[in-house]
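Here is what each chain is made of, one letter per residue.
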Amino acid sequence: MKRFAIGDIHGTHKALLQCLERSNFNKEEDQLIVLGDVADGYPEVPECIEELITIPNLIPITGNHDIWTLNWLEYGDSPHTWLSQGGQVTFNAYIGNINLMVKHRDEYFKKMVPYYIDDNLNAYVHGGYVSINGLGNDLLEEYFWDRSLWYKAKSAESVGILNKTKMYKNVFIGHTGLIQGIPEKAVNVWNLDTNAGWGNKLTIMDVDTEEYWQSDLITTLYPNFKNGRK
């Protein structure tokens, strides 16, 4: 079994299919860790979820946009902050199809996990974490929202960052978009959010070899759609 991680998808179903195809992902045998934020931004969130729930070895990590979507599907919450940050597109894609809303709530969004550690001691989390003792020692919100882990890795605060990540082989994150549109590694932290949600490319990586593949530019895949994030 090969293990792959994929960055923030943000409703870009066409890009998701390209990444799976270009990486030769074997749906029946390989494992896919989704680093969060499948929801919001582009119009095909339901199509993304339909595709992902067909993968037996799927690990869905919770992203901040996914939490907003779950809260809407579960409780009807639709704050302006969510709607203005791509949520309106997700809302429009689902509204009126109650059966699909319930299916995706139960089969994907409610099965998300805040983080994951594999048997090779690779760690996966959407945003990051604060505790020097690693994952499992912070408030849940840190895993969805934290950016300090990435910023500290990037600023070469090596002692501090190594104390936080030394227990893991690599840490895979999303959440903090990379303007250049290519994945980046700092210390032992891999950031795979290559700004698909802002029209750049979606990235999938073989966790063991660190080889990666990317979709076409999202703006070329959805040329007539204006990004739903303000």
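Details of the structure are given in the entry above.
Throughout, a residue's number is its position along its own chain's written sequence, starting from 1. Thresholds applied to this predicted model are a pLDDT of at least 70 for local features of residues and 80 or more for the giving and counting of side-chain atom pairs; totals over whole chains, interfaces and linings are not thresholded and use all residues. The side-chain quantities take in all heavy atoms of the structure and omit both hydrogens and water.

A. How the structure looks around the overall build of the chain. What counts as a helix is a DSSP run of H or I of at least four residues, what counts as a strand is a run of E of at least two, and both are numbered from the N terminus. Scanning the chain from N- to C-terminus turns up ten helices and ten strands. Here the globule rule reads 2.2 Å times residues to the power 0.38, and the radius of gyration is calculated from C-alpha atoms. The C-alpha radius of gyration of the chain comes to 16 Å, within 12% of the 17 Å expected for a compact globule of 230 residues. By its C-alpha atoms, the chain is 50 × 35 × 30 Å across when sized along the principal axes. Across the 230 residues that make up the chain, the buried fraction comes to 56%. Partitioning the contacts of the chain with sequence separation of at least 6, the portion at a separation of at least 24 is 68%. Here the chain has roughly 9900 Å² of accessible surface; of this, 51% comes from carbon and sulfur atoms. Categorising residues by exposure relies on relative accessible area from a 1.4 Å probe, with only protein chains included: less than 20% of the type maximum marks a residue as buried, more than 50% marks it as exposed, and the intermediate range marks it as partly exposed. Between two residues, a contact is recorded if the distance between any of their heavy atoms is within 4.5 Å. Methods summary: accessible areas were calculated by the Shrake-Rupley approach with a probe of 1.4 Å, and residue burial reflects only the protein chains presented.

B. Quick look at unusual backbone geometry. Even without being glycine, Asn 24 reaches a positive phi, approximately 55°. On the secondary structure map, Asn 24 appears in the loop between helix 1 (13–22) and strand 2 (31–34). Asn 24 sits in the exposed class, given a relative accessible area of 64%. The phi torsion at Glu 210 lies on the positive side, around 65°, for a residue other than glycine.

C. Representation of the environment of Leu 178. By the secondary structure assignment, Leu 178 is in the loop between strand 6 (171–173) and strand 7 (184–186). Considering only alpha carbons, one finds Leu 178 and Asn 195, 17 residues apart in sequence, at a separation of 6.0 Å. In contact with Leu 178, other than residues within four places in its own chain, are Trp 150, Pro 183, Glu 184, Asn 191, Asp 193, Thr 194 and Asn 195.

D. Quick peek at the pairing of strand 2. Along strand 2, one buried face is formed by Gln 31 and Ile 33 and the opposite face, lined by Leu 32 and Val 34, is buried too. Following DSSP output, two strands are said to pair if at least two bridges run between them. In this structure, strand 1 (residues 3–6) lies alongside strand 2, joined through four bridges in parallel fashion. Following the sheet pairing, Ala 5 is matched in strand 2 by Ile 33. Bridge count for strand 2 against strand 3 (residues 58–60) is three bridges, and the pairing is parallel. Paired with Ile 33 across the two strands is Ile 59, which belongs to strand 3. Note on handedness: a crossover is taken as right-handed if, strands pointing away from the viewer, the path from the first strand over the helix to the second is clockwise. You can see the chain leave strand 2, run along helix 2 (residues 45–52) and come back into strand 3, and the turn it takes is right-handed.

E. Region of the structure containing the pattern of salt bridges. Salt bridge, as used here, is a side-chain nitrogen of Lys or Arg placed within 4 Å of a carboxyl oxygen of Asp or Glu. Summed over all chains, the structure comprises ten salt bridges. Asp 118 is the salt-bridge partner of Arg 3, the closest N and O atoms lying 3.5 Å from each other. Here Arg 3 is found in strand 1, whereas its partner Asp 118 is found in the loop between strand 4 (115–117) and strand 5 (123–125), with 115 residues between them in sequence. According to the relative accessible area criterion, Asp 118 is buried, its value standing at 4%. Between Lys 110 and Glu 74 there is a salt bridge; the shortest N-O distance is 3.6 Å. One end of the pair, Lys 110, is in the loop between helix 6 (98–107) and strand 4; the other, Glu 74, is in helix 3 (residues 64–75), with 36 residues separating them in the sequence. Assessed through its relative accessible area of 29%, Glu 74 is described here as partly exposed. Through salt bridges with shared partners, a single ionic network connects Glu 74, Arg 105, Asp 106 and Lys 110.

F. Layout of helix 6. Leu 100, Met 101, His 104 and Arg 105 are the residues of helix 6 that are buried. One face of helix 6 carries all of its buried residues, which in axial projection span an arc of 130°. Exposed side of helix 6, more than 90 degrees from the buried face: Ile 98 and Asn 99 are the residues found there. Looking at the buried positions of helix 6, the neighbouring elements they touch are helix 2, helix 3 and helix 5 (87–94). Note that the arc is defined by the directions from the helix axis to the C-beta atoms.

G. Expanded view of the side chain of Asp 193. Of note, Asp 193 is situated in the loop between strand 8 (189–191) and strand 9 (203–206). We count Lys and Arg on the positive side and Asp and Glu on the negative side, and we leave His and both chain ends out. Despite being buried, Asp 193 has no salt bridge partner; Arg 147 is the closest side chain of opposite charge, sitting 6.1 Å away. Any N or O atom pair separated by 3.5 Å or less is treated as a polar contact, with the protein-specific requirement of one donor-capable and one acceptor-capable atom, and with residues adjacent in sequence counted only for side-chain atom pairs. Reaching out from Asp 193, the side chain makes a polar contact with the backbone nitrogen of Asn 195 at a distance of 3.1 Å. Ignoring sequence-local partners within four residues, the contact set of Asp 193 consists of Asp 8, Ile 173, Gly 174, His 175, Thr 176, Gly 177 and Leu 178.

That's the geometry; what it means functionally is another story.
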